[in-house]
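Here is what each chain is made of, one letter per residue.
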Amino acid sequence: MRLRHKPWAQEKIEQYPQYVVANPEMHKGKWHEPFEKKQPLHIEIGTGKGRFITEMAKAHPDINYIGIEVYKSVIVDALDKLIEADLPNLKLLNIDANDLEKLFAKNDVDRIYLNFSDPWPKTRHEKRRLTYKSFLKLYENILKDAGEIHFKTDNQSLFEYSLMSFSQYGLLLKYLSLDLHHSDFEGNIMTEYEQKFSEKGNRIFRCEVKYQ
Ligand code: SAM
């Protein structure tokens, strides 16, 4: 993603602690606290400009959502959408996924979404891929038992790598589509990247996997 530096982003984030959670460590083990209702929690890691998570939160008021994004200059676009929609079941977190375990305890999260994660194609960057085994371990440590990862991307190499990584970790495959937009999957909500790359004619790959 080409990043446009927004020097005002930090200040804007600080103005909206009701949307971008300010001291997330405080909620470890009790993530229902910042939400209006105690209900299942689904998080998206690498939420980008936030269309997916905002539309999911609108479509599923019975689920709490958190969109996680490392870059301030990007998360402010998601923040704009949340300010506009003012949803009681959506929060944003400006953190690096590597820090997930500092902020979430085992059983805090019911489902993880990974959408169009950065592919990091060079082998020496494998550990940065959000489907690398060390991330799968991290996710296991914050998910409920039998928690799920739902993953989609247009990048075939990353998808194949991730299926191997899931399989080697012992995750169970629940759903697989090698062409999401021409499948019978219902209720798909497009991300910004999905819109852009499907308009270019790219196929979208999607899977759901589950911890045992
Ligand atoms: N999911 C969005 C979409 O589909 O439109 C954005 C996709 S973009 C290729 C990947 C996003 O993941 C970027 O905004 C990037 O900053 C974020 N990201 C990558 N690694 C991350 C990490 N370790 N922790 C949090 N966010 C991360």
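Data block above holds the structure.
Scope of this entry: the structure provided in the associated data block. (Residues numbered from 1 in each chain as written. Predicted model: local features only at pLDDT ≥ 70, side-chain atom pairs only at ≥ 80, totals over all residues. Heavy atoms only, no water.)

**A closer look at the overall build of the protein chain**
Operational definition: Here a helix means four or more residues in a row that DSSP labels H or I, a strand means two or more in a row labelled E, and each is numbered from the N terminus. A radius of gyration in this sense is built from C-alpha atoms; the matching globule rule multiplies 2.2 Å by the number of residues raised to 0.38. Note on contacts: a residue pair is in contact if any heavy atoms of the two residues lie within 4.5 Å. Surface accessibility follows the Shrake-Rupley procedure with a 1.4 Å probe radius. Residue values consider only the protein chains on display as shielding. Under the convention used here, Asp and Glu are negative, Lys and Arg are positive, and both His and the chain ends fall outside the count. Every charge is mapped onto a representative atom, which is NZ of Lys, CZ of Arg, CG of Asp or CD of Glu.
Summing up its helical and strand segments, the protein chain has seven helices and seven strands in all. Secondary structure elements in the protein chain, listed N-terminal to C-terminal, are α-β-α-β-α-β-α-β-α-β-α-β-α-β. By the compact-globule yardstick of 17 Å for 212 residues, the protein chain fits well, its C-alpha radius of gyration being 16 Å. If one aligns the C-alpha atoms of the protein chain with their principal axes, the spans along those axes are about 40 × 40 × 35 Å. In the protein chain, once contacts between residues fewer than 6 apart in sequence are set aside, the share between residues at least 24 apart is 77%. Taken as a whole, the protein chain presents about 11100 Å² of accessible surface, with 48% of it coming from carbon and sulfur. A gap of 4 Å separates the mean positions of the 32 positive and 32 negative side-chain charges of the protein chain.

**With respect to the side chain of His 27**
Applied cut-off: Residue burial is assigned from relative accessible area. The probe radius is 1.4 Å, only protein chains are included, and a residue is buried under 20% of its type maximum, exposed over 50%, and partly exposed in between.
Summarising the element assignment, His 27 is placed in the loop between helix H1 (9–15) and strand E1 (41–45). We classify His 27 as buried; its relative accessible area is 9%. Filtering out sequence-adjacent residues up to four positions away, His 27 remains in contact with Val 21, Glu 33 and Pro 34.

**Section: unusual backbone geometry**
You will see that Phe 116, though not glycine, has its phi angle at about 55 degrees, which is positive. Among the structural elements, Phe 116 can be located in the loop between strand E4 (109–115) and helix H5 (133–140). Phi angles above zero are rare outside glycine, and Trp 120 is one such case at about 40 degrees.

**Considering the sheet that holds strand E3 (residues 90–93)**
Test applied: Pairing between strands is defined by DSSP: at least two bridges between them are needed. Angles run from 0 to 180 degrees between N-to-C directions of axes, and those axes are lines fitted to C-alpha atoms, restricted for helices to the stretch in contact.
With mixed pairing, seven strands are arranged side by side in an open sheet as E3-E2-E1-E4-E5-E7-E6. One side of each edge strand has no neighbouring strand; the edge strands of this open sheet are E3 and strand E6 (172–177). Each strand axis lies, on average, 15 degrees off the axis of its neighbour in the sheet, ignoring direction. Pairing analysis gives five bridges linking E6 to strand E7 (residues 205–210), with the strands arranged antiparallel. Each bridged residue has a counterpart across the sheet, and for Leu 176 the counterpart in E7 is Cys 207.

**Focus: the pairing of E4**
As a reminder of what qualifies: Crossovers are marked right-handed if the path from the first strand over the helix to the second runs clockwise, as seen with the strands pointing away from the viewer.
Burial of E4 is extensive: five of the seven residues sit out of reach of the surface. Note: E1 against E4, four bridges, orientation parallel. Bridge pairing in E4 places His 42 opposite Arg 111. Traced from E4 through H5 to strand E5 (residues 143–153), the parallel crossover comes out right-handed.

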